[in-house]
Amino acid sequence: MSTEQKRGVRARESTLVARDLRKSYGEFHAVRGVDFEVYRGECFGFLGPNGAGKTSTMKMIYGAAVPTGGHLKVAGLDVTRHERDVKRRIGVVPQENNLDDDLEVKENLLVYGRYFDLPKKVILRRAEELLDFVQLTDKADAQVEQLSGGMKRRLLIARALINDPEIVVLDEPTTGLDPQARHLVWERLRELAKEGKTLILTTHYMEEAAQLCDRLVIMEGGRIVSQGSPGQLIDEHVSPQVLEFRSRDGSLEKLWALVEADADAVERSGEVLLAYTSDADELLEKVRASGIEVENTVYRQAGLEDVFLRLTGRSLIN
Amino acid sequence: MNAPLRLPSPRGTFRVWQRNMTIFRKYWKTIMFPNFVEPLLYLAALGLGLGAFIQEGGINGGTYVQYIAPGLLASNAMFAASFESTFNTFVKLKIDRIYDAIVTTPVNAEDVVAGEYLWAGTRAALYGTGFLGVLAVLGFTFSPEAPLISSPWALLIPPMLLLIGVMFSVMGTLFTSLIQRIDLYAYYFTLVVTPLFLFSGIFFPVENFPAPVPQIAWFTPLYHAVNVCRELATGPSPIVLVDIAWILAFTLILALLPIRFMRRRLIS
Ligand SMILES: Nc1ncnc2c1ncn2[C@@H]1O[C@H](COP(=O)(O)OP(=O)(O)OP(=O)(O)O)[C@@H](O)[C@H]1O
Ligand SMILES: [Mg+2]
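Residues numbered from 1 in each chain as written. Chains lettered and ligands numbered in written order. Predicted model: local features only at pLDDT ≥ 70, side-chain atom pairs only at ≥ 80, totals over all residues. Heavy atoms only, no water.

Quick look at the coordination of the magnesium ion (ligand 2)
All names here are of chain A. Spelled out, the test is: The rule for donors is simple: N, O or S, within 2.8 Å of the metal, or within 3.2 Å if the metal is Na, K or Ca. Water isn't counted, so a site may look like it is missing partners. Where helices and strands are cited, they refer to DSSP runs of H or I of at least four residues and of E of at least two residues respectively, numbered from the N terminus. Under the scheme applied here, a residue whose accessible area is under 20% of the maximum for its type counts as buried, over 50% as exposed, and between as partly exposed, the area being computed with a 1.4 Å probe on protein chains only.
Listed as protein donors to the magnesium ion (ligand 2) are Thr55 (OG1) and Gln95 (OE1); their distances from the metal cover 1.8 to 2.1 Å. Placement of threonine 55 in helix 2 (residues 54-62) and of glutamine 95 in the loop between strand 6 (90-93) and helix 4 (105-115) is noted, with a sequence separation of 40 residues between them. For glutamine 95, a relative accessible area of 31% puts it in the partly exposed group.

Details of the site of ligand 1
All names here are of chain A. Let me state the cut-off plainly: Being near a molecule or strand, for a residue, comes down to having at least one heavy atom within 4 Å of it. By the criterion applied in these results, polar contacts are pairs of N or O atoms within 3.5 Å in which, for protein atoms, one can donate a hydrogen and the other can accept it, and in which residues neighboring in sequence qualify only through two side-chain atoms. Residue burial considers only the protein chains on display, and all accessible areas are found by Shrake-Rupley using a 1.4 Å probe.
Around ligand 1 sit 14 residues in total, of which Gly51, Lys54, Thr55, Ser56 and His204 are the nearest. In this structure, an oxygen atom belonging to ligand 1 sits 2.9 Å away from a side-chain N or O atom of asparagine 50. Note that an oxygen atom of ligand 1 is positioned 2.9 Å from one of the backbone N or O atoms of glycine 53. For ligand 1, the accessible surface in isolation is 640 Å², of which the surrounding protein chains cover 65%. Elements represented by at least two residues in the shell around ligand 1 include exactly strand 2 (28-39) and helix 2. The greatest single-element share of the shell around ligand 1, amounting to three residues, is contributed by helix 2.

Notes on the pairing of strand 10 (residues 223-228) of chain A
Going by this rule: Each pair of strands is called paired provided DSSP finds at least two bridges between the two strands.
Across five bridges, strand 9 (residues 215-220) of chain A lies against strand 10 of chain A in antiparallel orientation. Bridge assignment links leucine 216 of chain A to a residue of strand 10 of chain A, and that residue is glycine 228 of chain A.

Some thoughts on the environment of proline 70 of chain B
Residues and elements named next belong to chain B. The condition is simple: In what follows, residue pairs with any heavy atoms lying within 4.5 Å of each other are defined as contacts.
Position of proline 70 relative to the elements: it lies in helix 2 (residues 64-95). Judged by relative accessible area, proline 70 falls into the buried class, the value being 0%. With 157 residues separating them in the primary sequence, proline 70 and asparagine 227 have C-alpha atoms 8.7 Å apart. Excluding residues that lie within four positions of it along the chain, proline 70 makes contacts with Cys229, Arg230 and Ala233.

Focus: the packing of helix 4 (residues 109-142) of chain B against helix 5 (residues 157-178) of chain B
Residue and element names in this part refer to chain B. Definition in use: Here an angle of 0 to 180 degrees is reported between the N-to-C directions of two axes, which are lines fitted to C-alpha atoms, with helices fitted over the stretch in contact. Each angle gets one of four labels, with under 35 degrees taken as roughly parallel, over 145 as roughly antiparallel, 65 to 115 as roughly perpendicular, and the rest as oblique. Each crossing gets its hand from how the near helix is turned against the far one by less than a right angle, where anticlockwise is left-handed and clockwise is right-handed. Amino acid classes used here: Ala, Val, Leu, Ile, Met, Phe, Trp, Tyr, Cys and Pro are nonpolar; Asp, Glu, Lys and Arg are charged; the rest, including Gly, are polar.
The interhelical angle for the contact between helix 4 and helix 5, taken along N-to-C directions, is 135°, at an axis separation of 7 Å. What the angle tells us is that helix 4 and helix 5 run oblique. Between helix 4 and helix 5 lies a crossing whose hand is right-handed. Facing Val113, Glu116, Tyr117, Leu118, Ala120, Gly121, Thr122, Ala124, Ala125, Gly128, Thr129 and Leu132 of helix 4, the residues of helix 5 in contact are Ile157, Pro158, Leu161, Leu162, Gly165, Val166, Ser169, Val170 and Thr173. The residue inventory of the contact of helix 4 with helix 5, partitioned by class, reads 13 nonpolar, seven polar and one charged.

Some details on the environment of proline 106 of chain B
Its location among the elements puts proline 106 of chain B in the loop between helix 3 (98-102) and helix 4. Taking C-alpha positions, proline 106 of chain B is 44 Å from tyrosine 42 of chain B, a pair spaced 64 residues apart along the chain. Those residues within four positions of proline 106 of chain B in sequence are excluded, and the remaining contacts are Arg84, Lys87, Arg88, Tyr115 and Phe116 of chain A together with Arg11 and Asp111 of chain B.

Comments concerning the packing of aromatic side chains
As a reminder, the rule being used: The criterion for an aromatic pair is that two Phe, Tyr or Trp rings (for Trp, the six-membered ring) have centres within 6.5 Å, with stacked assigned to planes under 30 degrees apart, edge-to-face to planes over 60 apart and tilted to the rest. Geometrically, a lysine NZ or arginine CZ counts as sitting over a ring once it is within 6 Å of the ring centre and also within 35 degrees of the ring normal.
Under the definition given, this model contains 23 aromatic pairs over all chains. The interplanar angle of 70° and the centroid separation of 6.4 Å between the aromatic rings of phenylalanine 199 of chain B and phenylalanine 204 of chain B together place this pair among those described as edge-to-face. If you follow arginine 182 of chain A out to its NZ or CZ, it ends over the ring of tyrosine 205 of chain A, 3.9 Å from the centre. Sitting over the ring of phenylalanine 133 of chain A, arginine 188 of chain A keeps its end group 5.1 Å from the ring centre.

Observations concerning helix 7 (residues 179-194) of chain A
All names here are of chain A. We count it as follows: The span expected for a helix works out to 1.5 Å for each residue beyond the first.
Its 16 residues give helix 7 an end-to-end C-alpha distance of 22 Å, which sits within 8% of 22 Å, the value for a rise of 1.5 Å per residue. Buried within helix 7 are the following residues: Ala181, Arg182, Leu184, Val185, Trp186, Arg188, Leu189 and Leu192. As for helix 7, its buried residues are in contact with helix 5 (120-133), helix 6 (149-160), strand 7 (167-171), strand 8 (198-202) and helix 8 (206-212). Where helix 7 begins, the side chain of aspartate 178 points an oxygen toward the backbone nitrogen of glutamine 180, at a separation of 3.1 Å. Of the residues flanking the end of helix 7, it is glycine 196, one or two places downstream, whose phi is positive at about 100°.

Side note on the pattern of salt bridges
Operational definition: By salt bridge we mean one thing: a side-chain nitrogen of Lys or Arg within 4 Å of a carboxyl oxygen of Asp or Glu.
Tallied over the entire structure, the rule returns 36 salt bridges over all chains. Between glutamate 166 of chain A and arginine 89 of chain A there is a salt bridge, and its shortest N-O distance comes to 3.7 Å. One end of the pair, glutamate 166 of chain A, is in the loop between helix 6 and strand 7; the other, arginine 89 of chain A, is in helix 3 (residues 83-89), with 77 residues separating them in the sequence. On the accessibility criterion, arginine 89 of chain A (34% relative accessible area) is partly exposed. Its salt-bridge partner being glutamate 110 of chain B, residue arginine 263 of chain B comes within 3.0 Å of it at the nearest N-O pair. Residue arginine 263 of chain B is located in helix 9 (residues 240-266), and its partner glutamate 110 of chain B is located in helix 4; the two are separated by 153 residues in the primary sequence.

Section: the side chain of threonine 15 of chain A
Residue and element names in this part refer to chain A. Tracing the sequence through the fold places threonine 15 in strand 1 (residues 14-25). On the accessibility criterion, threonine 15 (2% relative accessible area) is buried. With near-sequence residues (within four places) excluded, threonine 15 lies in contact with Val38, Tyr39, Arg40, Lys73, Val74, Ala75, Gly76, Glu166, Ile167 and Thr198.

Here's the deal with the pairing of strand 13 (residues 272-277) of chain A
Residues and elements named next belong to chain A. Counting buried residues along strand 13, six of its six residues qualify, which places the element largely inside the surrounding structure. Burial along strand 13 is two-sided: Val272, Leu274 and Tyr276 and Leu273, Ala275 and Thr277, pointing in opposite directions, are all buried. Bridge count for strand 11 (residues 241-246) against strand 13 is six bridges, and the pairing is antiparallel. Bridging across to strand 13, glutamine 241 finds its partner in threonine 277. Connecting strand 12 (residues 265-269) to the next strand, strand 13, in antiparallel fashion are two residues, including glycine 270 with a positive phi near 65°.

Structural notes on a nonpolar patch on the surface
We apply this condition: Each patch is assembled from residues with relative accessible area greater than 30% and no salt bridge, linking like charges that lie within 9 Å and nonpolar side chains (Val, Leu, Ile, Met, Phe, Trp, Tyr) that lie within 5 Å.
A contiguous nonpolar patch, built from Trp218, Phe219, Ile239 and Val242 of chain B and spanning about 430 Å² of accessible area, is present on the exposed surface. Looking at where valine 242 of chain B falls in the secondary structure, it is placed in helix 9.

Concerning the domain arrangement of chain A
Applicable threshold: For each domain, the first and last residues come from an automatic or database assignment.
Domain annotation of chain A identifies domain 1 (3-227) and domain 2 (239-302). Just the C-alpha atoms count here: the centres of domain 1 of chain A and domain 2 of chain A sit 39 Å apart.

Details of the sheet that holds strand 2 of chain A
Residues and elements named next belong to chain A. Here we have four strands laid out as an open sheet, ordered 2-1-4-5, and antiparallel in their pairing. On the outer flanks of this sheet lie strand 2 and strand 5 (77-78), each paired with one strand and no other. Here strand 1 runs beside strand 2; their pairing, made up of nine bridges, is antiparallel. Bridge pairing links serine 14 to tyrosine 39 in strand 2. Along the sheet, helix 2 contacts strand 1, strand 2 and strand 4 (69-74); its crossing angle with strand 1, the most-contacted strand, is approximately 120°.

Next up, the structure:
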């Protein structure tokens, strides 16, 4: 606690602390020593390509995986020593749907609530509220199998909240949702944040991260390659303006050689060449003057997607 | 990899049991029917059919139906608990991923396993109690001079069936915790359950076999379960305590192994 206070201005209370956290599956090292700290009441995001180690990290938080090394404190408790107490205080939306197919929609919440030893009255009341919260009230008596993928996802979110957790871990909460459902979930997550819950989420959608997360980390190959607020990450890693050139293979090579000299950075993502610069006009002028054939040019502001591409060398689109 | 020994909590165990009970209560009529009919088929075919060829007084001075009926109570419990801890548990573990969801709550992996033990025992006891009732009624209706259940000690059969069910659940769960594919249960049923069913003194006394058959039988679980049920159905001798002690010891010793293996499968 005292070291926290010495940091002065930034001394916000942290509710989750990972130090040199590691996870290996046999010989394979999925998480290779990560450090991060989540403050109470913030929304903290994990980005990273497939296999980066996001789910492995989430699983260590919610007790489905045991750390192979390092320390992890959740809600102030060591996860290996206080397994049950940690699980009592968190809510979990796993990446893979694991609703109880033998039970109806509402029963899923009732039975799940019993695992937390909540009184029946409390469970019933919360189940009603939560079904309403995720807009599934009219499906309360349906079989889980009859729900669409997006409805199942929303039911998982409701289930994660049945114990009124102080920390909610959401592993890709909106994957597979249509845009409307996604916006509904975002709105709900913002409400939870407003209530003071701490949210920890992984996502492959940059817009989601930018919209929801106060701070985030980008993981790759089991390590954290960068962390900060969305704005900080953009400032730190990419120039503010981006030109996207779309063209056939041959001319992209020539284009690369041309813009490389002036742009701050150049990335290629499939058939698109991305040039990062602080003076897009000048660069565009130069490309026009060169006479290289370009099918399509787009100008835009740099975003998290660009940071991601920069740091992981991979495009999210692929 | 030397994980500390984890004992199940009664609270978590109960929650898992309660989840199964919630589902069972919705479907119990359809679920229980086959389990009910099967032993009656054995009774009819073997007890009455085959029994007609066996001289009266052939086994322990009673009719053949009287001989096999209590043994079928024990094997019925074995089958109920074995199906529960094999196919049903496998589906919950690997296909429906029910346990993955449970272990993220304050209910731990060891509670899940213990809850399933208790549930399999409960199912075995429920089936067995219904079957016991049928046997008692049938016996008194059709042959009051040679009833199938002839001792008030038979009231202790249901709790014993619970214990017997837990024992077979431990065995079935052990197998489940070790396999990756559902077809492998053919091995378990052909090599474990069926031989137990045939050679545990349900249909003929194994004591009359040459050594080492009776000695081997003594080391197998269903043999003791059959003894207990038969003794309680007809009025027990103190020897039954040995059988009960055997069942308790076997169950307790083996129970921790599946807990360990299942934990490893649920928590990476
Ligand atoms: N139980 C396991 N046994 C062996 N390897 C595993 C296991 N779980 C994960 N891995 C491996 O660990 C690495 C990290 O997996 P993880 O699921 O944490 O990635 P992720 O960042 O969540 O990816 P995604 O975005 O695809 O969900 C992968 O290479 C994966 O193959
Ligand atoms: Mg993942």
